[in-house]
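In case you want the letters, here they are:
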Amino acid sequence: MRREGGAAGALPGHRQEPLRTEFAFELPRGFVDEAGTVHREGAMRLATARDELLPLRDIRVRENPAYLSVVLLGRVITRLGTLPSVHDGTVENMFASDLAFLQDFYRQINAEGHTRAAVACPHCEESFEVELAGSRLGES
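A few points on the structure. Please read these numbers as outputs of a predicted model, since none were measured by experiment.

The rules behind the values
Residues numbered from 1 in each chain as written. Predicted model: local features only at pLDDT ≥ 70, side-chain atom pairs only at ≥ 80, totals over all residues. Heavy atoms only, no water. Pairing = 2+ DSSP bridges. Helix = DSSP H or I, 4+ residues; strand = E, 2+ residues; numbered from the N terminus. Axes fitted to C-alpha atoms, helices over the stretch in contact; angles between N-to-C directions. Core = buried A, V, L, I, M, F, W, Y, C linked by side-chain atoms within 4.5 Å. Buried < 20%, exposed > 50% of the residue type's maximum accessible area, 1.4 Å probe, protein only. Contact = heavy atoms within 4.5 Å. Salt bridge = Lys/Arg side-chain N within 4 Å of Asp/Glu carboxyl O. Patch = residues over 30% accessible without salt bridge, like charges linked within 9 Å, V, L, I, M, F, W, Y side chains within 5 Å. Areas by Shrake-Rupley, 256 points an atom, 1.4 Å probe, with all protein chains shown as cover. Polar contact = N/O pair within 3.5 Å; in protein donor to acceptor, adjacent residues only side chain to side chain. Phe/Tyr/Trp six-rings, centres within 6.5 Å; stacked < 30°, edge-to-face > 60°.

1. Here's the deal with the sheet that holds strand β3 (residues 77–80)
In spatial order, the strands read β1-β2-β3; together these three strands make up an open sheet with antiparallel pairing. Of all strands in the sheet, those bounded by a partner on one side alone are β1 (22–32) and β3. In this sheet, adjacent strand axes meet at a mean angle of 25 degrees when their direction is disregarded. The pairing of β1 with strand β2 (residues 38–45) spans seven bridges and is antiparallel. In the sheet register, E22 faces β2, and the bridge partner there is R45.

Written out as structure tokens, the structure reads:
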């Protein structure tokens, strides 16, 4: 049943946010291409079931299950700096800290549905949320 003035299932007076499928990020170190250019800003889209299933057929993943995240990230990163395309070969050549950042970012947007994290100040113990998308490690 559709209610007047809103999307199906929406409460009257509440505007339903559109589904966000792509999220910006900034790598802590950055990917360095063959020309020496550092690429830090990028975007990652939400993963589909196909994105998670197809890499399981990849021989590299079968021989080394740890390679799954490399292949998966190569599928869902839509943009990185001025690179014309991003693929598993790009991800293979990233610094370990950037790979770890992207693995955490992937989990945030796909498992939890947002890029905010609840944190507490170590000095005053006040709780608040921080936005992880687009931030660099160590910055607030």
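That shown, we press on.
2. Concerning the nonpolar core
By size, the foremost hydrophobic cluster in this structure holds 23 residues, and its most contacted members are F25, L27, M44, L73, I77, L80 and L102. Once residues lying within four places of it in the same chain are set aside, the contact partners of L73 are M44, V91, L99, L102, Q103 and Y106.

3. A few points about the pattern of salt bridges
Scanning all chains against the criterion turns up five salt bridges. Residue D51 is joined to R45 by a salt bridge in which the shortest nitrogen-to-oxygen separation is 2.6 Å. Note that D58 is salt-bridged to R60, the shortest N-O span being 2.6 Å. Residue classification places D58 among the buried residues on the basis of a relative accessible area of 17%. A network of salt bridges, in which partner residues are shared, links R45, D51 and R75.

4. As for a nonpolar patch on the surface
Residues V32, V38 and F95 make up a contiguous nonpolar surface patch of roughly 240 Å² in combined accessible area. Mapped onto the fold, V38 is located in strand β2. Using a relative accessible area of 41% as the deciding quantity, one classes V38 as partly exposed.

5. Let's talk about the environment of G42
Looking at the element boundaries, G42 is found in strand β2. Once the C-alpha coordinates of G42 and E26 are considered, the two residues, 16 residues apart in sequence, prove to be 6.3 Å apart. With residues near it in sequence (within four places) discarded, G42 still touches F23, A24, F25, R79 and L80.

6. A closer look at the side chain of S69
Within the secondary structure, S69 sits in helix α3 (residues 68–76). The exposure class assigned to S69 is buried, which follows from its relative accessible area of 18%. Within the structure, the side chain of S69 is placed 2.8 Å from the side chain of Q103, a separation counted as a polar contact.

7. Topic: α3
Since one α-helical turn is 3.6 residues long, residues separated by three or four positions face the same way. Counting buried positions over the nine residues of α3 gives seven, a clear majority of the element. Regarding α3, the residues found buried are S69, V70, V71, L72, L73, G74 and V76.

8. Some words on the pairing of β2
Between the antiparallel neighbours β1 and β2 lie five residues, among them G36 with a positive phi of about 90 degrees. In the sheet, β2 pairs with β3 via three bridges, with the strands oriented antiparallel. What sits directly across from A43, in β3, is R79.

9. Topic: the packing of aromatic side chains
Within the structure shown, the criterion is met by three aromatic pairs. Each ring, one from F25 and one from F105, has its centre 5.7 Å from the other, and the planes form 65 degrees; the classification is edge-to-face. Remark: F105 occurs in helix α5 (residues 96–112) and F25 occurs in strand β1; sequence separation between them is 80 residues. Taken individually, F25 and F105 each receive the classification buried, so the pair is uniform in this respect. In textbook terms, an aromatic cluster arises when at least three aromatic residues are bridged by ring pairs, as seen for F25, F101 and F105.

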